[in-house]
Amino acid sequence: MACSKANHSIGCSVTQCKYHCENENYCSLEAIQVGTHEQNPTQKKCTDCESFEVKN
């Protein structure tokens, strides 16, 4: 998916996501949902971008 509009408030380097702006390290969504897969998150690696969708 080509990036329609980079949201400069959401930096992103996950090029496998369909919302990643290919020419810039930004997300094209207006907002993202951040969640966790841990019961008591204490580190950055415990969080997830729940807006992620794999690029086809």
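What you see as residue numbers is a count from 1 along each chain, following the sequence as written. Residue-level local features of this predicted model are given only where pLDDT is at least 70; pairs of side-chain atoms are given and counted only at 80 or more, and the full residue set underlies all totals for whole chains, interfaces and linings. Just so you know, side-chain values use all the structure's heavy atoms and leave hydrogens and water out.

Asker: I'm lost on the overall build of the protein in this one. Help?
Answerer: Counting from the N terminus, the helices are the DSSP runs of H or I reaching at least four residues and the strands are the DSSP runs of E reaching at least two. The number of helices and strands found in the protein is zero helices and four strands. Starting at the N terminus, the α and β elements of the protein follow one another as β-β-β-β. Principal axes of the C-alpha set define a box for the protein whose edges measure 35 × 25 × 15 Å. Contact criterion: two residues are considered in contact whenever any of their non-hydrogen atoms come within 4.5 Å of each other. Here the contacts in the protein between residues at least 6 apart in sequence split such that 21% fall between residues at least 24 apart. On the protein, roughly 4,400 Å² of surface is accessible, and the fraction owed to carbon and sulfur atoms is 46%. Think of it this way: Lys and Arg go in the positive column, Asp and Glu in the negative one, and His and the chain ends go nowhere. Where a charge lies is defined by one atom per residue type, namely NZ (Lys), CZ (Arg), CG (Asp) and CD (Glu). Averaging the coordinates of the 5 positive side-chain charges in the protein and doing the same for the 7 negative ones gives two points 4 Å apart. Only the protein chains shown count as covering a residue, and every accessible area follows the Shrake-Rupley method with a 1.4 Å probe.

Asker: Can you walk me through the environment of N25 in this structure?
Answerer: As for its placement among the helices and strands, N25 is situated in the loop between β1 (7-11) and β2 (26-27). Distance in space between the C-alpha atoms of N25 and V14 is 8.1 Å, their sequence separation being eleven residues. Every residue in contact with N25, bar those within four places of it in the chain, is listed here: G11, C12, S13 and H20. Definition of a polar contact: a pair of N or O atoms within 3.5 Å, with one able to donate and the other able to accept a hydrogen when the atoms are protein atoms, and with sequence-neighbouring residues admitted only if both atoms are side-chain atoms. Among the polar contacts made by the side chain of N25, one reaches the side chain of H20 at a distance of 3.1 Å.

Asker: Help me understand a nonpolar patch on the surface in this model?
Answerer: Like charges are joined within 9 Å and nonpolar side chains (Val, Leu, Ile, Met, Phe, Trp, Tyr) within 5 Å, but only among residues with over 30% relative accessible area and no salt bridge; these make up the patches. What counts as a salt bridge is simple: a side-chain nitrogen of Lys or Arg found within 4 Å of a carboxyl oxygen of Asp or Glu. A contiguous nonpolar surface patch, about 250 Å² in accessible area, is contributed by V14, F52 and V54. With respect to the helices, strands and loops of the structure, F52 is situated in the segment after β4 (47-49).

Asker: How should the pattern of salt bridges be read in this particular structure?
Answerer: Where charged atoms of side chains with opposite charge meet at close range, the side chains can pair. Scanning the entire structure with this criterion turns up two salt bridges. One salt bridge connects K18 with E53, and the closest N-O pair in it is separated by 3.2 Å. Here E53 lies in the segment after β4 and K18 lies in the loop between β1 and β2, a separation of 35 residues in the sequence. The partner of K55 in a salt bridge is E22, with the nearest N and O atoms 3.9 Å apart. Residue K55 is located in the segment after β4, and its partner E22 is located in the loop between β1 and β2; the two are separated by 33 residues in the primary sequence. In this scheme, a residue with accessible area under 20% of its type's maximum is buried, one over 50% is exposed, and one in between is partly exposed, where area comes from a 1.4 Å probe on protein chains only. Classification of K55 by relative accessible area gives partly exposed; the value is 26%.

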